[in-house]
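If you want the building blocks of each chain, they are given just below.
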Amino acid sequence: MDLSLNEKRLLHLLEGVKSADPETLAAGMGVSPESVTQFAYLLADRGLCTVERETRSTFHLTEEGERYAREGLPERQLLASFEKSIPLQELTRHPLARIGIGQMKRKGWVVIRGGIVEKTGRDSPGDDERALQDPSQGGPGLEELRRRNLVAEHQETRYRISITPEGIEWVRRGLDMSEETGTLTREQIVSGSWRDLKLRKYSLKAPPRRVYPGKIHPYQRLIGEMREILLCMGFSEIYGGLVQSAFWNFDALFQPQDHPAREMQDTFYLKETMPLPGGYERVRDMHLFGGETSSTGWGGRWSRERAEQCVLRTHTTSLSIQHLANHPDPPVKAFCINRVYRREAVDPTHLPEFEQLEGIVMDKDVTFRHLLGFLKEFYNRMGFSGVRFRPGYFPYTEPSVEPEVYVPALGWVEMGGAGIFRQEVTAPFGIRHPVLAWGLGVSRIAMLRLGLSDLRLLYKSDIGWVRETPSWLGGGDSRVEGQRCR
Amino acid sequence: MPVIRLHYRYLERMTGVDRETLLVHLPMIGSDIERIEEDHVDVEFFPCRPDLFSAEGVARAMKGFLGRETGLPLYSVTPSGVEFSVDPALAGIRPFLGSAVIRNVNLDEESILSLMGLQEALHWAVGRGRSKVAIGIHDLDAVTPPFSYIAAEKSRAFVPLDFDREMTLDGILQEHPKGKAYAHIVRDFPRYPLIIDARERVLSFPPIINGELTRVTERTKNLLLDTTGTDERAVATAVDIICTALADTGATIQSVTIGEREIPTLSPSERIVSSDEASALLGIPLDPAMLSALLLKMRYGAEPAGPSNVRVLVPCYRADIMHDWDVFEDAAIAYGYGNFRGELPPTFTIGSPHPVMAIYAVTREILCGLGFQEVLPFTLTNERVLATRMQRPLKDSVLRVLHPISEEQTMVRTDLLPLLLEMCQLNKHRELPQRLFAVGDVVEGTETLPRAACVSTHPSADFSEAYAVADALCRELAVTIMVTESDDPAFIPGRRGTLACAGRDIGVFGEIHPAVLNAWELEHPVAAVEIDLTAVPGYPGQPGTP
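Residues numbered from 1 in each chain as written. Chains lettered and ligands numbered in written order. Predicted model: local features only at pLDDT ≥ 70, side-chain atom pairs only at ≥ 80, totals over all residues. Heavy atoms only, no water.

### Some words on the overall build of chain B
Point 1. Along its length, chain B carries 15 helices and 27 strands.
Point 2. Whereas a compact globule of 546 residues would reach a radius of gyration of roughly 24 Å, chain B reaches 33 Å, over 25% beyond that.
Point 3. For chain B, with 546 residues in total, the buried portion stands at 57%.
Point 4. Between the mean site of the 49 positive side-chain charges and the mean site of the 75 negative ones, chain B shows a separation of 3 Å. (Helix = DSSP H or I, 4+ residues; strand = E, 2+ residues; numbered from the N terminus. Rg over C-alpha atoms; globule rule 2.2 N^0.38 Å. Buried < 20%, exposed > 50% of the residue type's maximum accessible area, 1.4 Å probe, protein only. Lys, Arg positive; Asp, Glu negative; His and termini not counted. Charge placed at Lys NZ, Arg CZ, Asp CG, Glu CD.)

### Some thoughts on the overall build of chain A
Point 1. Helix and strand counts for chain A stand at 21 helices and 17 strands.
Point 2. On C-alpha atoms alone, chain A measures out to a radius of gyration of 33 Å, which is more than a quarter above the 23 Å that the 2.2 N^0.38 rule sets for 486 residues.
Point 3. Judged by the C-alpha coordinates and their principal axes, chain A covers about 105 × 80 × 45 Å.
Point 4. When each of the 486 residues of chain A is scored for burial, the buried share is 52%.
Point 5. Counting only carbon and sulfur atoms, one obtains 49% of the accessible surface of chain A, whose full area is about 22700 Å².
Point 6. Side-chain charges of chain A comprise 65 positive and 65 negative groups, with the mean position of each set lying 2 Å from the other. (Areas by Shrake-Rupley, 256 points an atom, 1.4 Å probe, with all protein chains shown as cover.)

### Some remarks on the packing of helix α9 (residues 288–297) of chain B against helix α10 (residues 324–335) of chain B
The angle between the axes and the distance between the axes are what describe a pair of packed helices.
Residue and element names in this part refer to chain B.
Point 1. Here α9 crosses α10 at 85°, and the two axes come no closer than 8 Å. Between α9 and α10, the angle is such that the two are roughly perpendicular. In this structure, α9 contributes L291, L294, L295 and K297 to the contact, and α10 contributes V327, F328, A331, A334 and Y335.
Point 2. Each residue belonging to the contact of α9 with α10 can be placed in one class, and the counts come to eight nonpolar, no polar and one charged. (Axes fitted to C-alpha atoms, helices over the stretch in contact; angles between N-to-C directions. Parallel < 35°, antiparallel > 145°, perpendicular 65-115°, else oblique. Contact = heavy atoms within 4.5 Å. Nonpolar A, V, L, I, M, F, W, Y, C, P; charged D, E, K, R; others polar.)

### Focus: the pattern of salt bridges
Point 1. In this structure the tally under the stated criterion is 67 salt bridges over all chains.
Point 2. Of the charged contacts in the structure, one is a salt bridge between A:E225 and A:R449, with a shortest N-O distance of 3.2 Å. With A:E225 in helix α12 (residues 218–232) and A:R449 in helix α19 (residues 442–450), the pair connects residues that are 224 residues apart, well separated along the chain.
Point 3. Its salt-bridge partner being B:E69, residue B:R299 comes within 2.8 Å of it at the nearest N-O pair. One end of the pair, B:R299, is in the loop between α9 and β17 (301–304); the other, B:E69, is in the loop between α3 (55–65) and β4 (77–86), with 230 residues separating them in the sequence. (Salt bridge = Lys/Arg side-chain N within 4 Å of Asp/Glu carboxyl O.)

### Some details on the pairing of strand β27 (residues 526–532) of chain B
Consecutive side chains of a regular strand alternate in pointing toward one face of the sheet and then the other.
All names here are of chain B.
Point 1. Among the seven residues in β27, seven count as buried, and that is most of the element.
Point 2. Residue alternation in β27 divides its side chains into two sets, V526, A528, E530 and D532 and A527, V529 and I531, and both sets are buried.
Point 3. Looking at chain direction, strand β23 (residues 447–457) and β27 are connected through seven bridges and run antiparallel. Looking at the pairing, S456 lines up with A527 of β27. (Pairing = 2+ DSSP bridges.)

### A closer look at the pairing of strand β4 (residues 110–113) of chain A
Residues and elements named next belong to chain A.
Point 1. In the sheet, β4 pairs with strand β5 (residues 116–119) via four bridges, with the strands oriented antiparallel. What sits directly across from V110, in β5, is K119.
Point 2. Hairpin connection, β4 to β5: the antiparallel pair is bridged by two residues, and G114 has positive phi, about 55°.

### Observations concerning the interface of chain B and chain A
The extent of an interface is frequently quoted as the accessible surface area lost upon association of the parts.
Point 1. Between chain B and chain A, the residue contacts involve 87 residues of the former and 93 residues of the latter.
Point 2. Of the roughly 8100 Å² buried between chain B and chain A, counting both surfaces, carbon and sulfur atoms make up 59%.
Point 3. At the junction of chain B and chain A, the tally comes to six salt bridges.
Point 4. Close ionic contact of A:D462 with B:R430 constitutes a salt bridge, the shortest N to O distance being 2.9 Å.
Point 5. At the boundary of chain B and chain A, one finds 45 residue pairs in polar contact (both at pLDDT 80 or more).
Point 6. Looking at the side of chain B that touches chain A, the elements with two or more residues in it are β2 (31–36), α8 (275–282), α10, α11 (355–369), β19 (373–374), α13 (417–426), β22 (434–444) and β23 of chain B.
Point 7. Split by residue class, the side of chain B that touches chain A holds 47 nonpolar, 21 polar and 19 charged. (Buried area = accessible area lost by both parts, 1.4 Å probe. Polar contact = N/O pair within 3.5 Å; in protein donor to acceptor, adjacent residues only side chain to side chain.)

### Quick notes on the side chain of A:Q220
Point 1. With respect to the element layout, A:Q220 can be found in helix α12.
Point 2. Those residues within four positions of A:Q220 in sequence are excluded, and the remaining contacts are B:R364, B:E374 and B:L376.

### Notes on the sheet that holds strand β24 (residues 482–485) of chain B
Strands in a sheet are paired, the pairing made by backbone hydrogen bonds, and the direction either parallel or antiparallel.
Residue and element names in this part refer to chain B.
Point 1. An order of β19-β22-β23-β27-β26-β25-β24 is seen for the seven strands of this open sheet, with the pairing classed as mixed. Both edges of this open sheet fall to β19 and β24, since each of them pairs with a single strand only.
Point 2. The strands touched by helix α14 (residues 463–476) are β22, β23, β24, β25 (491–501), β26 (504–512) and β27; relative to β27, the strand with the most contacts, the crossing angle is about 25°.

### Regarding the packing of helix α1 (residues 8–15) of chain B against α3(B)
Residue and element names in this part refer to chain B.
Point 1. Taken N-terminus to C-terminus, the directions of α1 and α3 make an angle of 45°; their axes are 9 Å apart at the nearest point. Between α1 and α3, the interaxial angle falls into the category oblique. The handedness of the crossing between α1 and α3 is right-handed. Contacts from Y10, L11, M14 and T15 of α1 reach α3 at A55, E56, V58, A59, M62 and K63.
Point 2. For the contact of α1 with α3, the per-class residue count stands at seven nonpolar, one polar and two charged. (Left-handed = near helix turned anticlockwise from the far one by under 90°.)

### Examining the sheet that holds strand β1 (residues 3–7) of chain B
All names here are of chain B.
Point 1. Across the sheet, three strands lie side by side as β1-β3-β2; this open sheet has antiparallel pairing. In this open sheet, the two strands that pair with only one neighbour each are β1 and β2. For this sheet, the mean angle separating the axes of adjacent strands, direction not counted, is 30°.
Point 2. Note that β1 and strand β3 (residues 40–45) share five bridges and pair antiparallel. Among the inter-strand pairings, I4 is bridged to a residue of β3, identified as V43.
Point 3. Strands in contact with α1 are β1, β2 and β3; relative to β1, the strand with the most contacts, it is inclined by about 75°.

### Quick notes on unusual backbone geometry
Point 1. Of note, the bond from A:P330 into A:P331 is cis; its omega dihedral lies within 30 degrees of zero at -5°.
Point 2. Mapped onto the fold, A:P331 is located in the loop between α16 (317–326) and β11 (332–341).
Point 3. A cis amide bond links B:P206 to the next residue, B:P207, at an omega of 0°.
Point 4. Relative to the helices and strands, B:P207 resides in the loop between β11 (202–205) and β12 (209–210).
Point 5. At A:D365, a residue that is not glycine, the phi angle is positive and equals roughly 65°.
Point 6. Examined against the element boundaries, A:D365 turns out to sit in the loop between β12 (353–362) and α17 (368–381).
Point 7. Owing to a relative accessible area of 65%, A:D365 belongs among the exposed residues under this scheme.

### Re the nonpolar core
Point 1. By size, the foremost hydrophobic cluster in this structure holds 129 residues, and its most contacted members are A:F368, A:W438, B:L6 and B:F45.
Point 2. In terms of residues, this core owes the most to one element, helix α7 (residues 232–248) of chain B, which gives 10 residues.
Point 3. Leaving out residues up to four positions away in the same chain, A:W438 has contacts with A:L230, A:F235, A:L357, A:E358, A:G359, A:I360, A:F374, A:L375, A:F378, A:G417 and A:A418.
Point 4. Judged by nonpolar contacts, the second largest core, of 32 residues, contains B:I506, B:F509, B:A527 and B:A535. (Core = buried A, V, L, I, M, F, W, Y, C linked by side-chain atoms within 4.5 Å.)

### Some details on the packing of aromatic side chains
Point 1. Considering all chains together, one arrives at 24 aromatic pairs over all chains under this definition.
Point 2. Geometrically, the ring pair formed by B:F463 and B:Y467 is tilted, given 5.6 Å between the ring centres and 55° between the ring planes. Pair noted here: B:F463 and B:Y467 are both in helix α14, with a separation of four residues, about one helical turn.
Point 3. Positioned over the ring face of A:F82 is A:K119, at 4.9 Å from the centre of the ring.
Point 4. The ring of A:W170 has A:R173 lying over it, and the distance from NZ or CZ to the ring centre is 5.4 Å. (Phe/Tyr/Trp six-rings, centres within 6.5 Å; stacked < 30°, edge-to-face > 60°. Lys NZ or Arg CZ within 6 Å of the ring centre and 35° of its normal.)

In structure tokens, the structure reads:
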């Protein structure tokens, strides 16, 4: 039985200490701990040592957990917010009521009788609250906290290498410490001296070192997939500024100046202004009285100053309409997948910025039926075979439609909006043919395809997640690359 | 969007259709079902259809859609003899008034709640939070006509709803919950709108609160409706929607004299639409008879008027019908969205990527090849990230949002590098080496510019690594660079370089300053590069044009 020099050196070292972890042994040998583990597995194959692999879990608090560790669990905070009893209706106004009331009831801290929440007095701190203060101690409360997503588990693998009596016997018999070849040199290969060398053997039992390739973010990869589909379908890509005048973001799309979506609480306004384009009067007239179309317009007032004010674009439709204004002659097929802004607080399903996909088709004789045909084709190519349509409402399209796709685990899921641009939108720019338009929140598809429940992960990326998510997302269903560009 | 509660029993009685059929068809007239319960369903209707914000309105539409009662619903209005005057001093304050008398109402607790629900939904959708239109409903028998809508002194007092003492108008704005909520609409005017009766008693302080005097109860038999606002059309729409809903419950609608006019008339408006145009828009063959039949289902009056025209009578409550295409959409809904056969348009075009997106794509490819992993940081950030922690001054050109939603997101990024360091901090516990990159837009002034940046952190990350990556990236992007010493305080002096192309600085690279690492709580050296992708050959000349 042959041992490599490194195996012999390890065995020699082990004979002195009997048992140690790879890090200690690595220091003694001047090699990496991973190599020590490799050598140890080789020795273990021959029964000269044992390698114990132990996976240990440690627990630490999540961001939410840390907050509760400081401030108390929601039910504890809620309990402290009133004296002996309180009307349920009043208690529900407490910001933590949604989580807290159910938990207080479940834990028997309170009973609810006739709409009144009464303390029972049995509310001493539970196991979960003890575990919250020190999750590393484990204990019965920990499982509860994990269920509530307040602690997260971190797994760590440790090795312990111990010499066996056979190993000791081997060392006592004396080890031949003559050289073995690890890495072949150019000289050895070229000269042929490799024929006389003893080449060290590696074990397949030791796990390989994990390396992480440079890679495109999984979400970007999905966006790339959608981009390819649209390019294949003959669409040209458009791109433009994140900052737009309210004119292009709203007025040009016939959104009345007093429309709720234009209000400060939904849109990021900027103090900057942008000049209105030539011919803006046609848009103004459309708002005031319907211009030269059969429309009545919105009536009321139209303020130039409001139109000049800048916003962070709330949809990429602001780019589509500018593209159409610059290319009023048919045919136009264009798309854009890019970032848009809404004034929303950050939570697992809402973000103030996210990606939107938008496509437009303008041509002679295109109809509502073509719009539905397009939507079906696009969603089919995205991997959704069931597509259906419902009436919808969007201020700048008429007719409007809400497409829904069938997701086996969820049923019918609303997937964006579509319609034909109103004449009030197209007429001021001299666009004489119908414009089919549709848009969707790309992140919604990303969550479905990547199995995420928290949108934030897409942007505040845990690179561990990025590293572990395979680059190929197409496996396991009918979306085969070659079928896409028929 | 307003959520309307529909009780099956009431809706079944109004429509003569069972609940299962109703539930299947509700989404197909344009609504989202929020929740299905034992005895009711909560439905969200689109803001363009305020006429569906009541069970009566829904029943009216469903009867047409299901073919049980089609065509224009007819409403008769008789004069009430009640007069209402409008004070010219209201011209700059809240000039428009709508009104109606509704007799023989049959109110119980539930129908009062339903009426209040309709009122609230209209305040939201038509009234824009009461600023454009506010609605008041009163017990007519508690007051004496004629009525006056006046601009009153702020010191005038009355007993507002839910209070038992008199309060001045200003006092109401300060103390009454509704006053506090809606004070912003009237606060800046010299006088406030007020509705009074012949004996100077106050009915309402629109758009804030009614008087306790005219409170509507289960014993109320006759109603006076007022709508006030800044938009004449919206004020009239609110009256039409409430009157038609109450008329459908069996009440009698009577008009009121305001100046020269008798309102409401509840009469339809007429439009002549082309069936050829409808056919071309929807892609289905439609002659005037077919189009008329579809529109009758949507409760229009409709009859063929010539070889390709249809005379359409639009019900008074359909304020959303602005254009012929609005009518055609209703024809499509009546036809059934599920019955359209989708078809790809024959339009032939050749797709092409946008040059900026193409540059982004190749930059991603290069950086991946160099071993970097992509991240997609937010574009909204703050001064601490962009400047303080980077030891950099905040750029004058930084774009700030006017009403940030949190302290974290007050401005748009001017650089990518700070966001990458933030990403390193977030991932401190992850295995080294970490090589991260981002490509994406930054904003300077109001201009959107494409950038790329990368960082590498591990125990032996240094200037040479940054220089090698910067050099490789520029070579691969065909950007010819000159390198000079940089003075960027985010980097270590003597370990930093400026990338210049055609006499213009286009990037920076080097080893991040330890003080910056400390600020980000990073424990290992970081080599970093950031470049402006406008320098890449083929970048379109006019940034920002689609």
